[in-house]
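Residue-level structure breakdown
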Amino acid sequence: MKGIVFTEFLDLVEDKFGLEMVDKIISQSELESEGIYTAIGTYSFSEMLQLVTNLSGNTGISTDDLLLVYAEHFFSVIETSYPGLLATYKDPIEMLGSIENHIHVEVQKIYPDAELPTFLVEEKTENSIVMVYKSSRAMHHFGLGLMNKTFEHFNSTASIVLEKIKEDGTEVRFIVNKN
């Protein structure tokens, strides 16, 4: 997993819960990196899983809810760091429909060793899209948070239904209807 995902997560934890919480979740985790991350480094997903799980245990907030909030924070990083990418699109449905064939292609150019989830478009109309998320990491709520912020970015709203295809969350269907 790319280091920027870790550095931004720890920044969010510090902003929301304080530096003491950052230190606490790092010390509660068994991290090969010892909790020292650089934005351009690559780290094991198990480290992120430990950090999120320990934050959940210390705050009483579910890991899904933490990933949702984190994704909303991470979208602002995308807006700031890659405004040209977002400016390519005129509509949130268009943007969501291009995750696999454009956005992830651009991410791979910047971070060639990034391990990205797969988003397969099953159906798409002007005002709706049905997509299947596949990832061994089961971070579908991170995807949901990014989708929420995508609609907000375009001054729009949507209803998004998440259906687990596999109970462990490694395969999820998103049914998105623009309001």
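Our subject in this report is the structure included herewith. (Residues numbered from 1 in each chain as written. Predicted model: local features only at pLDDT ≥ 70, side-chain atom pairs only at ≥ 80, totals over all residues. Heavy atoms only, no water.)

Time to look at the overall build of the protein chain. Of the regular secondary structure elements, the protein chain holds eight helices and four strands. Seen in sequence order, the protein chain has helices and strands lined up from the N terminus as α-α-α-α-α-α-α-β-β-α-β-β. Taking 2.2 N^0.38 as the reference for a compact globule, 179 residues should give roughly 16 Å; the C-alpha atoms of the protein chain span a radius of gyration of 16 Å, in line with that estimate. Reported as C-alpha extents along the three principal axes, the dimensions of the protein chain are approximately 50 × 35 × 25 Å. Per-residue burial over the protein chain gives 47% buried out of 179 residues. Long-range contacts, defined here as pairs at least 24 residues apart, represent 59% of the contacts in the protein chain between residues at least 6 apart. Total accessible area on the protein chain stands at roughly 9,200 Å², and carbon and sulfur atoms take up 51% of it. (Helix = DSSP H or I, 4+ residues; strand = E, 2+ residues; numbered from the N terminus. Rg over C-alpha atoms; globule rule 2.2 N^0.38 Å. Buried < 20%, exposed > 50% of the residue type's maximum accessible area, 1.4 Å probe, protein only. Contact = heavy atoms within 4.5 Å. Areas by Shrake-Rupley, 256 points an atom, 1.4 Å probe, with all protein chains shown as cover.)

Counted under the stated rule, the structure contains eight salt bridges. In this structure, Glu115 and Arg137 form a salt bridge, with 2.9 Å as the shortest nitrogen-oxygen distance. Taken together, the residues span a long stretch of sequence, with Glu115 in the loop between helix H7 (99–110) and strand S1 (118–124) and Arg137 in the loop between strand S2 (128–134) and helix H8 (140–153) at a distance of 22 residues. Glu115 sits in the exposed class, given a relative accessible area of 57%. With its nearest N and O atoms 3.6 Å apart, the salt bridge here joins Arg173 to Glu163. Of the two residues, Arg173 is situated in strand S4 (residues 171–178) and Glu163 in strand S3 (residues 158–164); the sequence distance between them amounts to ten residues. Within the structure, one salt-bridge network assembled from shared partners comprises Glu122, Glu163 and Arg173. (Salt bridge = Lys/Arg side-chain N within 4 Å of Asp/Glu carboxyl O.)

Further remarks concern the packing of aromatic side chains. Counted under the stated rule, the structure contains nine aromatic pairs. Aromatic pair Tyr37 and Tyr43: ring centres 4.8 Å apart, planes at 90 degrees, arrangement edge-to-face. Here Tyr37 and Tyr43 have matching classes, each one buried. Between Phe119 and Tyr133, the ring centres sit 5.5 Å apart and the planes meet at 65 degrees, which makes this aromatic pair edge-to-face. Of this pair, Phe119 sits in strand S1 while Tyr133 sits in strand S2; the two residues are 14 residues apart in sequence, bridging distant segments of the chain. Accessibility classification places Phe119 together with Tyr133 in one group, the buried group. Through a chain of ring-to-ring contacts, three or more aromatic side chains come together here, namely Phe9, Tyr70, Phe74 and Phe142. (Phe/Tyr/Trp six-rings, centres within 6.5 Å; stacked < 30°, edge-to-face > 60°.)

What follows deals with the packing of helix H1 (residues 3–17) against helix H4 (residues 63–81). Running from amino to carboxyl end, H1 crosses H4 at an angle of 115 degrees, the nearest separation of the two axes being 10 Å. As judged from the angle between their axes, H1 and H4 are roughly perpendicular. For H1 against H4, the interelement crossing comes out right-handed. Residue-level contacts link Ile4, Val5, Phe6, Glu8, Phe9 and Leu12 of H1 to Val69, Tyr70, His73, Phe74 and Val77 of H4. (Axes fitted to C-alpha atoms, helices over the stretch in contact; angles between N-to-C directions. Parallel < 35°, antiparallel > 145°, perpendicular 65-115°, else oblique. Left-handed = near helix turned anticlockwise from the far one by under 90°.)

Before going further, it helps to spend a moment on the pairing of S4. Relative to S4, S2 runs antiparallel, the two sharing seven bridges. Opposite Ser128, over in S4, you have Asn177 as the bridge partner. Here S3 runs beside S4; their pairing, made up of seven bridges, is antiparallel. Looking across to S4, one finds that Leu162 is bridged to Phe174. Hairpin remark: S3 followed by S4, antiparallel, with six residues in the connecting loop; positive phi at Gly169, about 80 degrees. (Pairing = 2+ DSSP bridges.)

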